[in-house]
Amino acid sequence: VQLQASGGGLVQAGDSLRLACAASGVTFSIYGMAWFRQAPGKEREFVGVVNWSGASTYYPDSVKGRFTISRDNAKNTVYLQMNSLKPEDSAVYYCAAEENRSNRLSTKAGRYHYWGQGTLVTVSS
């Protein structure tokens, strides 16, 4: 299983970015997909999850209303649309996959079996 994240970059506060994570070597539709982020000196933080079908999502309060996770199972890709970005959103963003055909939405990094390489998002003030 390989996950390839892309779409990071340097933006100004208030701007938007869309991250993408393409999966290969896997039956994508059986996996719950999530995004996490990690800033220097901080622990990895959950930022959003979508279930296998795309029907259910969950976000922490820190990004709720600004970030949207979605997936296209035909393209084996999960997205993270990030709007109204803040300097505190700066981090390396990782996508992750958990084999999970239930509607349970996992927020803990330890539940995820596969990880992408990360893409850097920097938000300047």
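Everything numeric in this text was worked out from a predicted model, so none of it was measured.

### A few points about unusual backbone geometry
Phi angles above zero are rare outside glycine, and Asn76 is one such case at about 55°. One can find Asn76 in the loop between β7 (67-72) and β8 (77-82). Even without being glycine, Ser84 reaches a positive phi, approximately 50°. Along the chain, Ser84 turns up in the loop between β8 and β9 (91-99). You can call Ser84 partly exposed: its relative accessible area is 41%.

### Let's talk about the environment of Ala96
With respect to the helices and strands, the residue Ala96 is situated in strand β9. Assessed through its relative accessible area of 0%, Ala96 is described here as buried. Residue contacts for Ala96: discarding those within four places in its chain leaves Leu3, Gly32, Met33, Ala34, Phe36, Tyr112, Tyr114 and Trp115.

### Overview of the environment of Phe28
By the element assignment, Phe28 lies in the loop between β3 (17-24) and β4 (31-38). Residue Phe28 is classed as buried on the basis of its relative accessible area of 3%. Placed 43 residues apart in sequence, Phe28 and Arg71 show a C-alpha to C-alpha distance of 9.9 Å. Excluding anything up to four places from it in sequence, Phe28 contacts Ala23, Met33, Arg71, Asp72, Asn73, Asn76, Thr77 and Val78.

### Points about the pattern of salt bridges
All told, the structure shown has six salt bridges when counted by the stated rule. Here Arg37 and Asp89 are joined by a salt bridge, their closest N and O atoms 2.9 Å apart. Here Arg37 is found in strand β4, whereas its partner Asp89 is found in the loop between β8 and β9, with 52 residues between them in sequence. Residue Arg37 shares its accessibility class with Asp89, and that shared class is buried.

Calculation notes
- Residues numbered from 1 in each chain as written.
- Predicted model: local features only at pLDDT ≥ 70, side-chain atom pairs only at ≥ 80, totals over all residues.
- Heavy atoms only, no water.
- Helix = DSSP H or I, 4+ residues; strand = E, 2+ residues; numbered from the N terminus.
- Buried < 20%, exposed > 50% of the residue type's maximum accessible area, 1.4 Å probe, protein only.
- Contact = heavy atoms within 4.5 Å.
- Salt bridge = Lys/Arg side-chain N within 4 Å of Asp/Glu carboxyl O.

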